[in-house]
Amino acid sequence: MNIVVAIKHIPSIADDLPVKGNNVDFDSVDFVLNEFDEQSIEQAVLVKEAVGGTVTVVGVDMIGELDAVLHLALAKGADKAVKITGDDPAADSHQQAKWLAEAIKGMSADMVFAGVQASNDLDGQIGPMIAAHLDMPYIGGVSSVEVSDHTATVNKEFAGGIGGKYSVSLPMVVGVQAASKPPRYAPISKVRQVAQTATIEKVSPSGDATSGLAFKKMAPPVVTGHAEMIEGSSKDVAKKIVELLKSKGLA
Amino acid sequence: MSNDILVITEHMDGKFSDVSFEMVGKAKELASALGGRAVAVVVGGGVSSNVFASDSTIHIDDAALSQFNPEAYGKVIEALVKEKSPRLVMFGWTATGMDLAAWLSAKLGVPCAAYVKNIGADLTMSCQAYGGKMSADVSPEGDMAIAACLAGSFPVEAGQGSTAATSIASPVALDGLKIKFVEAIKPAGGDVDITAQAKLVSIGRGIGSKDNVELAEELAGKLGATVSSSRPVVDAGWLPRTRQVGKSGLKVKPKLYLMLGISGAPEHLEGMKSAELIIAINTDKKAPIFNVAHYGATADLFEVAEAMLELL
Ligand SMILES: Cc1cc2nc3c(=O)[nH]c(=O)nc-3n(C[C@H](O)[C@H](O)[C@H](O)COP(=O)(O)OP(=O)(O)OC[C@H]3O[C@@H](n4cnc5c(N)ncnc54)[C@H](O)[C@@H]3O)c2cc1C
Ligand SMILES: Cc1cc2nc3c(=O)[nH]c(=O)nc-3n(C[C@H](O)[C@H](O)[C@H](O)COP(=O)(O)OP(=O)(O)OC[C@H]3O[C@@H](n4cnc5c(N)ncnc54)[C@H](O)[C@@H]3O)c2cc1C
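The following refers to the structure shown. (Residues numbered from 1 in each chain as written. Chains lettered and ligands numbered in written order. Predicted model: local features only at pLDDT ≥ 70, side-chain atom pairs only at ≥ 80, totals over all residues. Heavy atoms only, no water.)

Notes on the overall build of chain A
Tallying secondary structure elements over chain A gives 6 helices and 15 strands in all. Overall, the C-alpha framework of chain A stretches about 65 × 40 × 40 Å when taken along its three principal axes. In chain A, buried positions account for 57% of the 251 residues. Element-wise, carbon and sulfur atoms account for 48% of the exposed surface of chain A, whose accessible area totals about 10000 Å². Distance between charge centres in chain A, computed from 22 positive and 31 negative side chains, equals 5 Å. (Helix = DSSP H or I, 4+ residues; strand = E, 2+ residues; numbered from the N terminus. Buried < 20%, exposed > 50% of the residue type's maximum accessible area, 1.4 Å probe, protein only. Areas by Shrake-Rupley, 256 points an atom, 1.4 Å probe, with all protein chains shown as cover. Lys, Arg positive; Asp, Glu negative; His and termini not counted. Charge placed at Lys NZ, Arg CZ, Asp CG, Glu CD.)

Structural notes on the site of ligand 2
Surrounding ligand 2, one finds 31 residues, the nearest of these being Ser230(B), Val245(B), Ser248(B), Ser263(B) and Asn282(B). Chains contributing residues near ligand 2 are chains A and B. Here an oxygen atom of ligand 2 and a side-chain polar atom of Glu35(A) are 2.9 Å apart. Taking Thr283(B), its main chain carries an N or O atom lying 3.2 Å from a nitrogen atom of ligand 2. Contributing elements (two or more residues each) for the shell around ligand 2: α1 (35–51) of chain A together with α5 (231–235), α6 (266–272) and α7 (301–311) of chain B. Its residues assigned to classes, the shell around ligand 2 shows 10 nonpolar, 14 polar and 7 charged. (Near = heavy atom within 4 Å. Polar contact = N/O pair within 3.5 Å; in protein donor to acceptor, adjacent residues only side chain to side chain. Nonpolar A, V, L, I, M, F, W, Y, C, P; charged D, E, K, R; others polar.)

Considering the interface of chain A and chain B
Contacts between the two partners involve 81 residues from chain A, matched on the other side by 84 residues from chain B. Regarding the contact of chain A and chain B, the summed buried area is about 7000 Å², with carbon and sulfur atoms giving 62% of it. When the buried area of chain A at its contact with chain B is split by residue, Leu122(A), Lys165(A) and Leu250(A) rank highest and sum to 9% of it. Linking chain A to chain B there are 7 salt bridges. Taken together, the connections running from chain A to chain B amount to 35 residue pairs in polar contact (both at pLDDT 80 or more). Secondary structure elements with two or more residues in the side of chain A that touches chain B: α1, α4 (126–134), β9 (138–148), β10 (151–159), β11 (162–169), β14 (213–219), β15 (228–229) and α6 (234–247) of chain A. The dominant element in the side of chain A that touches chain B, judged by the number of residues it contributes, is α6(A), at 10 residues. Of the residues belonging to the side of chain A that touches chain B, the class tally is 43 nonpolar, 22 polar and 16 charged. (Contact = heavy atoms within 4.5 Å. Buried area = accessible area lost by both parts, 1.4 Å probe. Salt bridge = Lys/Arg side-chain N within 4 Å of Asp/Glu carboxyl O.)

Brief notes about the sheet that holds strand β16 (residues 277–282) of chain B
Taken together, 6 strands build an open sheet; the order of strands is β15(A)-β17(B)-β16(B)-β15(B)-β13(B)-β14(B) and the sheet is parallel. The open sheet terminates on both sides in strands that have one partner only, identified here as β15 of chain A together with β14 (226–229) of chain B. (Pairing = 2+ DSSP bridges.)

Description of the side chain of Asn69(B)
With respect to the element layout, Asn69(B) can be found in the loop between β5 (56–60) and α2 (70–84). According to the relative accessible area criterion, Asn69(B) is buried, its value standing at 4%. Polar side-chain contacts of Asn69(B) include one of 2.9 Å to the backbone nitrogen of Glu71(B). If near-sequence neighbours (up to four positions away) are discounted, Asn69(B) is found in contact with Tyr166(A), Gly74(B), Leu177(B), Ile179(B) and Lys180(B).

Focus: a negative patch on the surface
Residues and elements named next belong to chain B. Together, Asp211, Glu214, Glu217, Glu218, Glu306 and Glu310 make up a negatively charged patch on the protein surface. Of all the secondary-structure elements, those providing two or more residues to the negative patch are α4 (213–223) and α7. The element that contributes the greatest number of residues to the negative patch is α4, accounting for 3 residues. Looking at the secondary structure, you find glutamate 310 in helix α7. (Patch = residues over 30% accessible without salt bridge, like charges linked within 9 Å, V, L, I, M, F, W, Y side chains within 5 Å.)

Quick notes on the site of ligand 1
All names here are of chain A. Surveying the vicinity of ligand 1 reveals the residues Leu33, Glu38, Ala68, Leu72, Lys76, Tyr185, Ala186, Ile188 and Val191. Lysine 76 is positioned such that a nitrogen or oxygen atom in its side chain is 3.1 Å from an oxygen atom of ligand 1. Tyrosine 185 has a polar side-chain atom sitting 3.4 Å from an oxygen atom of ligand 1. Protein coverage of the free-state accessible area of ligand 1, which is 810 Å², stands at 45%. Looking at the shell around ligand 1, the elements that each hand over two or more residues are α2 (66–75) and α5 (188–197). Across the shell around ligand 1, the residue classes tally to 7 nonpolar, no polar and 2 charged.

Overview of the side chain of His268(B)
All names here are of chain B. Mapped onto the elements of the fold, histidine 268 is located in helix α6. Of the polar contacts made by the side chain of histidine 268, one reaches the backbone oxygen of valine 245; its length is 3.3 Å. Looking at histidine 268, its side chain comes within polar contact range of the side chain of tyrosine 257, at 2.9 Å. Look past the residues within four positions of histidine 268 in its chain and what remains in contact with it is Ser229, Ser230, Val245, Gly246, Tyr257, Met259 and Ile262.

Some words on the nonpolar core
If you look at the biggest cluster of nonpolar residues, it comprises 144 residues, and the most contacted ones within it are Ile104(A), Phe113(A), Ile130(A), Leu88(B), Met90(B), Ile119(B) and Met125(B). Ignoring anything within four residues of it in the chain, the contact list for Ile119(B) reads Lys26(B), Leu30(B), Leu88(B), Met90(B), Thr124(B), Met125(B), Ala147(B), Cys149(B) and Phe154(B). Ranked by size, the runner-up nonpolar core spans 36 residues in total, among them Ala238(A), Ala220(B), Ile279(B) and Ala305(B). (Core = buried A, V, L, I, M, F, W, Y, C linked by side-chain atoms within 4.5 Å.)

A short note on the packing of aromatic side chains
Under the defined criterion, the tally for this structure stands at 8 aromatic pairs over all chains. Plain terms: the ring middles of Phe158(A) and Phe68(B) are 6.3 Å apart, the flat faces sit at 80° to each other, and that makes the pair edge-to-face. You can see Phe158(A) sitting in strand β10 and its partner Phe68(B) sitting in the loop between β5 and α2, one on each of two chains. Neither residue differs from the other here; Phe158(A) and Phe68(B) are each classed as buried. Grouped by ring-pair contacts, the aromatic residues Phe158(A), Phe68(B) and Tyr73(B) constitute a single cluster. (Phe/Tyr/Trp six-rings, centres within 6.5 Å; stacked < 30°, edge-to-face > 60°.)

Topic: the sheet that holds strand β8 (residues 111–115) of chain A
A sheet is described by the order of its strands in space; here 10 strands give the open sequence β13(A)-β7(A)-β6(A)-β1(A)-β8(A)-β12(A)-β9(A)-β10(A)-β11(A)-β12(B), paired in mixed fashion. Bordering the open sheet on either side are β13 (200–203) of chain A together with β12 (179–185) of chain B, each of which pairs with just one other strand. This sheet shows a mean twist of 30° between the axes of neighbouring strands, independent of strand direction. (Axes fitted to C-alpha atoms, helices over the stretch in contact; angles between N-to-C directions.)

Below is the structure:
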């Protein structure tokens, strides 16, 4: 089983997002692995462990810091790491999907995994776009994958525990919502060790694609309401919440 | 090329989802501004499709479409869009729409905007990205565009009506599909039903570890509440799936929704924004949840929870 995991390095939403012109100021944000890619890497490694094969992780190096993420994926069980030297922090999903699809074309993938979405997928997610470029079927919102005899059985979530089970003749692209088991944690020591020994293959970006979206404005949302903020120490906050709940007959 | 707007509606178990009506209502408004028609598109059988206020409704009924199948649905919608050349195609940014919108965009080379909260008469789309921390206004180039709309963005009523649908056969052959629907997955039972609880203490990734869930259980116990959570808590295996609130979880409307360490991503809001009293504790003063909660505090959830326990 030849498994490729396409990942996205995205601006971290843990901190404030500075704006420059009509977009995020990519020079002054931290980039992190998309949270759903962590699930996607785990699911790919679980499939490999079940049926054998190779997991190759590939991503676009947006700001020259992808190595850390690729080392992490290798420490979690991926076998090979490839970075597309995009060096364009503003490359949108359409462009990244095109570069990724071109890079994946030569890999004879049986399955391509991608995170179901990323928080900066303003023009849509890379998974379904890679599927369109590679002419493979796509299912997203997937929370378990099993493979036998070149057929994958995947569970797709709708909502509230309702879902659908699908069987797919490979190759296919899977948009992972959650791995069938919580992602493993790679100890820092292992990540460091991998970082010293691993080789990361570099690929030049190939193929142009555009979202066709002109950005007119980017700003924190204009809010119609805001919570009444309870000030003071944690003790004060606790006291005021308890008083509030008591006054409403909720405590 | 026309100025029509195609709305790809969604249904399950014989019922259309709210987002379908929301989009049809918005499409009517846009179509009248553009001089086109709002066309509701129903894919699949087992549903009565004369329920929209659309200018027309097209119902593609084929046994191969009776269950959602992204490959089959994608082929049908691609063929229909090519034939009709609408100005705009609207999908829900939902479990099903998310499989189709970006795929169609790449397939046809047509711009797509996701996380769409609003659409102007000039088709400028306001999108809520970066986990709700940013709002982007984008404007699609070219003659056709795709909008993947967040549920809850437009009023439901404007899309409800009784336009008689026209049934058509699938515009493409649906044999030789690589994806086959096997069976429906039903929710696991046996746990408390969080949709029936008056009070919920809801925990997010800020809770940090499985061991800390106990603190929330203790607080909930003192308040006569039940513990629910955001998705990452469930994905990490700290609580069962039955406790998840949100887009892919359950929709709740309790009297009290006390949130500890939940950021307020759009997918979480879909499940709880109509709770009667929302109180959020979060260390990040810019957490989007503070735009939705009734009361909030920029504070450490552990300190606040411990202090509340002492007072209760
Ligand atoms: C989705 C995700 C999963 C990660 N999984 C691991 C892992 O299994 N083992 C590991 O050693 N490191 C993990 N990390 C951290 C990652 O290894 C480092 O961020 C990366 O290697 C860069 O190292 P650094 O020294 O530049 O950054 P650092 O300064 O070390 O860390 C950058 C940020 O990553 C955060 N972080 C650390 N661990 C996790 C985690 N498990 N999940 C989410 N955020 C985390 C930290 O709080 C910090 O804000 C993960 C990060 C992310 C975003
Ligand atoms: C198709 C799809 C469906 C989804 N469905 C759902 C769904 O049903 N439900 C859902 O919840 N999500 C869903 N998600 C995921 C959603 O996008 C977010 O990832 C998720 O809601 C984030 O959960 P969180 O707020 O707990 O975590 P985060 O966004 O990581 O937020 C954690 C918060 O905790 C705060 N914090 C950290 N430490 C402390 C502390 N000590 N004290 C106080 N605050 C602290 C941080 O400031 C942060 O705001 C879905 C995603 C997709 C793609």
